[in-house]
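An overview of the molecular structure
Here are the chains, one letter per residue:
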Amino acid sequence: MRIEVTSADVAASRFAISPLGEAMFALRLCAGQNTAPGLAPWVTRVRPAYERLRRQQPAVGALLALLRRGGYNADFIHPPPDGTGRDFADELAVVRATPLAQAREELACNLAGHRTPPAYARRIYDSPDVVDRLADGIEAAWTTLVEPDWPRLRAVLERDLLHRAGRLLAYGWGSAVAGLDPRLRWVPGGAVGYIEVADRDPETYTLAGQGLLLVPTVFGMMINYVQRPWPFAIVYRASGVAELLGPPDPTRPDEALDRLVGRARATILRALAVPATTSQLVAQLNLSLGGAGDHLSVLRESGLVTRTRTGRAVLYRRTPLGDALAATP
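Residues numbered from 1 in each chain as written. Predicted model: local features only at pLDDT ≥ 70, side-chain atom pairs only at ≥ 80, totals over all residues. Heavy atoms only, no water.

What the protein chain contains, in helices and strands, is 15 helices and ten strands. Here the C-alpha atoms of the protein chain give a radius of gyration of 21 Å, agreeing with the 20 Å that 2.2 N^0.38 yields for 329 residues. Considered along the principal axes of its C-alpha atoms, the protein chain spans approximately 65 × 55 × 30 Å. Out of the 329 residues in the protein chain, the part that is buried amounts to 49%. Counting only contacts in the protein chain whose residues sit at least 6 apart along the sequence, the fraction spanning at least 24 positions is 68%. For the protein chain, the accessible area works out to roughly 15,000 Å², and carbon and sulfur atoms hold 54% of it. In the protein chain, which carries 38 positive and 33 negative side-chain charges, the distance between the mean positions of the two groups comes to 4 Å. (Helix = DSSP H or I, 4+ residues; strand = E, 2+ residues; numbered from the N terminus. Rg over C-alpha atoms; globule rule 2.2 N^0.38 Å. Buried < 20%, exposed > 50% of the residue type's maximum accessible area, 1.4 Å probe, protein only. Contact = heavy atoms within 4.5 Å. Areas by Shrake-Rupley, 256 points an atom, 1.4 Å probe, with all protein chains shown as cover. Lys, Arg positive; Asp, Glu negative; His and termini not counted. Charge placed at Lys NZ, Arg CZ, Asp CG, Glu CD.)

Now the structure itself:
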């Protein structure tokens, strides 16, 4: 697949976070349908809650039975965000507003050639309140799996979003696309360039000045939206997910960096693989605001981090020396 991009699409492109998307991806991760490097400890921690959810909510199993790789998945249960900063309740309202005829059409397309779903799932798909029942399952997944960790998850996503948006505006598409996913490649041109996606779709899609929506995810994997009425969008794995679970286990033996600068400062330095604000680090690492500020001050005075103002936010980032030390085992 190729997505044709012009210079006009830079200004129209935007980044967004999808709490509902994280709920769907987290559900599939717990079910073993997806994998996410570095998140095995999280899956282990929430697995008992996930198992209870599966027993108590048949709609959760119905949602999982729809997933297929290399084929169409119903869009209405996992729509891309529209880039306006909606919260989970707003996104869920969009799902619940799906017309029944649209839901039935998308479910039929999803199930065509797919494995036969369990009988209980088929009854849900055929029910007149299928939209609300599947939405109830999404809401239960959010409440059980994602919402308790959402401040920390959101910190990781916002940090990646600010980093990528800055690269797009400062350096253009090639820099923004680099490192998003091995299956994505920027192909430069004159007035027009392409984002090339290694998949089975041979088509070329034109943004035509409407821009592209880029959505970082913690629990998910790369997917793209190129079908109307949805905006053109690419979901990609956020950077810094390896540090998502917060400070290391206190029983873990110290590494060289811990012994050099102290465990708390080493944790912050590792977490700054992507620039972050103090409040984002507090949410991600379960630190106090004062403690995080003190550690950042010492790291900055030592030449390991620097800070820059972006709008109202003050972003901390590692210096080359900080990068070298953070790479120390």
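Moving on, there is more to tell.
This paragraph deals with the sheet that holds strand E4 (residues 192-197). One open sheet holds the four strands; their spatial order is E3-E4-E1-E5, and the pairing between them is mixed. Every interior strand has two partners, whereas the edge strands, strand E3 (184-187) and strand E5 (204-206), have only one. When strand polarity is set aside, the average angle formed by the axes of neighbouring strands in this sheet is 25°. Pairing of strand E1 (residues 2-6) with E5 involves three bridges; the strand directions are parallel. Among the inter-strand pairings, Arg2 is bridged to a residue of E5, identified as Thr204. (Pairing = 2+ DSSP bridges. Axes fitted to C-alpha atoms, helices over the stretch in contact; angles between N-to-C directions.)

The next subject is the packing of helix H13 (residues 278-285) against helix H14 (residues 289-301). In the contact formed by H13 and H14, the axes pass within 9 Å of each other and the chain directions differ by 120°. For the crossing formed where H13 meets H14, the hand is right-handed. Packed against H13, whose contacting residues are Thr278, Leu281 and Val282, the element H14 presents Leu289, Ala292, Gly293 and Leu296 at the interface. Grouping the amino acids of the contact of H13 with H14 by side-chain chemistry returns five nonpolar, two polar and no charged. (Left-handed = near helix turned anticlockwise from the far one by under 90°. Nonpolar A, V, L, I, M, F, W, Y, C, P; charged D, E, K, R; others polar.)

A separate point is the sheet that holds strand E7 (residues 223-225). Reading across from one edge, E2-E6-E8-E7 is the order of the four strands in this open sheet, with mixed pairing throughout. Of all the strands in the sheet, just strand E2 (14-15) and E7 have a single pairing partner and so form its edges. Bridging between E7 and strand E8 (residues 233-237) involves three bridges; their strand directions are antiparallel. Residue pairing in the sheet places Tyr225 in a bridge with Ala233 of E8.

This paragraph deals with the nonpolar core. Of all hydrophobic cores here, the largest spans 81 residues; its most connected members are Ile195 and Phe219. The element contributing the most residues to this core is helix H8 (residues 130-146), with ten residues. Apart from residues no more than four positions distant in its own chain, Ile195 is found in contact with Met1, Arg2, Ile3, Val5, Trp173, Val177, Leu184, Arg185, Trp186, Leu212 and Ile234. (Core = buried A, V, L, I, M, F, W, Y, C linked by side-chain atoms within 4.5 Å.)

Moving on to the pairing of strand E9 (residues 305-310). Where E9 and strand E10 (residues 313-318) come together, six bridges link them in antiparallel fashion. Across the sheet, the residue bridging to Thr306 is Arg317, located in E10.

Within the secondary structure layout, Thr98 lies in the loop between helix H5 (88-96) and helix H6 (100-111). Accessibility expressed as a relative area gives 11% for Thr98, which makes it buried. Of note is the side chain of Thr98, whose polar atom sits 2.7 Å from the backbone oxygen of Val95. (Polar contact = N/O pair within 3.5 Å; in protein donor to acceptor, adjacent residues only side chain to side chain.)

Despite not being glycine, Ala208 shows a phi value in the positive range, around 55°. Structurally, the position occupied by Ala208 is in the loop between E5 and strand E6 (213-217).

What follows deals with the environment of Gly211. As for its placement among the helices and strands, Gly211 is situated in the loop between E5 and E6. Judged by its relative accessible area of 4%, Gly211 is buried. A C-alpha to C-alpha distance of 34 Å links Gly211 and Arg133, two positions 78 residues apart in sequence. Ignoring sequence-local partners within four residues, the contact set of Gly211 consists of Asp9, Ala12, Ser13 and Phe232.

Moving on, we come to the packing of aromatic side chains. Within this structure, the stated rule accounts for five aromatic pairs. Relative to Phe219, the ring of Trp42 has its centre 4.4 Å away and its plane inclined at 35°; by these criteria the two rings are tilted. A residue pair is termed long-range when its members are at least 10 positions apart, and Trp42 in helix H3 (residues 40-56) and Phe219 in the loop between E6 and E7 qualify at 177 residues. Relative accessible area serves as the criterion here: at 1%, Trp42 is assigned to the buried category. Of the residues examined, Phe219 reaches a relative accessible area of 0% and is grouped as buried. Of the aromatic side chains, those joined through ring pairs into one cluster are Phe88, Trp142 and Trp150. The residue whose ring lies beneath Arg2 is Tyr194, and the NZ or CZ to ring-centre distance is 4.6 Å. (Phe/Tyr/Trp six-rings, centres within 6.5 Å; stacked < 30°, edge-to-face > 60°. Lys NZ or Arg CZ within 6 Å of the ring centre and 35° of its normal.)

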